[in-house]
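Structure assessment
As a plain string of letters, each chain reads:
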Amino acid sequence: MINNLVFDLGNVLISFDPEQYLLMKNYPPAIRNTILKDIFYSEEWLKLDNGDITTKEAIDSIASRSVLKREEIVVVFNFRSDIMYPINSNVQLLSALKKRNFKLYYLSNFPLDVFEEIKSDYYFFRYFDGGIISSEVKLSKPDLRFYRLLLEKYALLPDESLFIDDLEINVKAAETVGMKGFATFGNHNIGSDILKMLNT
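The sections below set out a description of the structure shown in this document. (Residues numbered from 1 in each chain as written. Predicted model: local features only at pLDDT ≥ 70, side-chain atom pairs only at ≥ 80, totals over all residues. Heavy atoms only, no water.)

On to the packing of helix H2 (residues 29-40) against helix H5 (residues 70-78), then. Packing of H2 against H5 brings their axes to within 12 Å, and their N-to-C directions diverge by 80°. Taken together, the axes of H2 and H5 lie roughly perpendicular to each other. Where H2 approaches H5, its residues Ile35, Ile39 and Phe40 are matched on the opposing element by Ile73, Val76 and Phe77. Split by residue class, the contact of H2 with H5 holds 6 nonpolar, no polar and no charged. (Axes fitted to C-alpha atoms, helices over the stretch in contact; angles between N-to-C directions. Helix = DSSP H or I, 4+ residues; strand = E, 2+ residues; numbered from the N terminus. Parallel < 35°, antiparallel > 145°, perpendicular 65-115°, else oblique. Contact = heavy atoms within 4.5 Å. Nonpolar A, V, L, I, M, F, W, Y, C, P; charged D, E, K, R; others polar.)

This is the structure:
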């Protein structure tokens, strides 16, 4: 029986689509592609998620090899949180689950500075009983140790815990440590599917 639900944040509860944001802001295709490749798909971005480098170190490193000017890179880093917004249909699920006495947790790859900003802005974090982000512990999905750390910290039984993520590889990792898994895609409304799983 499922008693605990563990949520990824990005593209499960919080929309994060840099490409769409750059399109909306009318960045020319060549610059848009460079920003995506050199910043959002970079090794530095992964290191930020894992807490291995600071934002300043990431900017300096990207600037040392990118055709983008340092000032342009700083602008992109400054609007990181602007790209994000709650996926309301999925966020609404949290209050419904709390009313049914489920325990709720988050487990997400996230830079610490951005996480601290959105956590104070987004009301739905009050529904969580706890959680871990990657940059706090220098572990990231799909590293199995990251999942085990959450289970150990909150004394959760894996077979009583359902993990929800938008990436299949992360869901498979959760299943490897004994959790049940559910993969959603993009901004898919997960409410009916999750409630159906919990009622079976």
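With 12 residues, helix H6 (residues 88-99) should cover 16 Å at 1.5 Å per step; its first-to-last C-alpha distance of 18 Å lies within 8% of that length. Every buried residue belonging to H6 is among Asn90, Val91, Leu93, Leu94 and Leu97, and all of these are buried. Each buried residue of H6 lies within a common arc of 140° when the element is viewed along its axis, so the set occupies one face. For H6, the exposed residues lying more than 90 degrees away from the buried face are Gln92 and Lys99. Contact partners of the buried residues in H6: strand S1 (4-7), strand S3 (84-86), strand S4 (103-108) and helix H11 (191-199). (Expected span 1.5 Å × (residues − 1). Buried < 20%, exposed > 50% of the residue type's maximum accessible area, 1.4 Å probe, protein only. Arc of directions from axis to C-beta.)

Attention now goes to the nonpolar core. Counting 31 residues, the largest nonpolar core has Leu5, Phe7, Leu13 and Phe124 as the members making the most contacts within it. Sorting the residues of this core by element identifies S1, H6, S4, helix H7 (112-121), strand S6 (161-165) and H11 as the ones contributing at least two each. Tallying contributions element by element places H6 first for this core, with 4 residues. Those residues in contact with Phe124 that sit more than four places away from it in its chain are Leu13, Ile14, Pro86, Val91 and Leu94. Judged by nonpolar contacts, the second largest core, of 17 residues, contains Ile35, Phe40, Leu48 and Leu68. (Core = buried A, V, L, I, M, F, W, Y, C linked by side-chain atoms within 4.5 Å.)

Assignment of secondary structure puts Leu107 in strand S4. On a C-alpha basis, the gap between Leu107 and Gly131 in space is 5.7 Å, while along the polypeptide they are 24 residues apart. Not counting the four nearest positions on each side in its chain, Leu107 is found in contact with Val6, Phe7, Asp8, Ile132, Lys141, Phe146, Tyr147, Leu150 and Phe163.

Quick look at the packing of H6 against H11 now. The geometry of H6 relative to H11 is characterised by a closest axis approach of 9 Å and an angle of 30° between their N-to-C directions. The orientation of H6 with respect to H11, classified from their angle, is roughly parallel. Across the interface between the two elements, Asn90, Leu93 and Leu97 from H6 touch Gly191, Ile194, Leu195 and Leu198 from H11. Classifying every residue of the contact of H6 with H11 by side-chain character gives 5 nonpolar, 2 polar and no charged.

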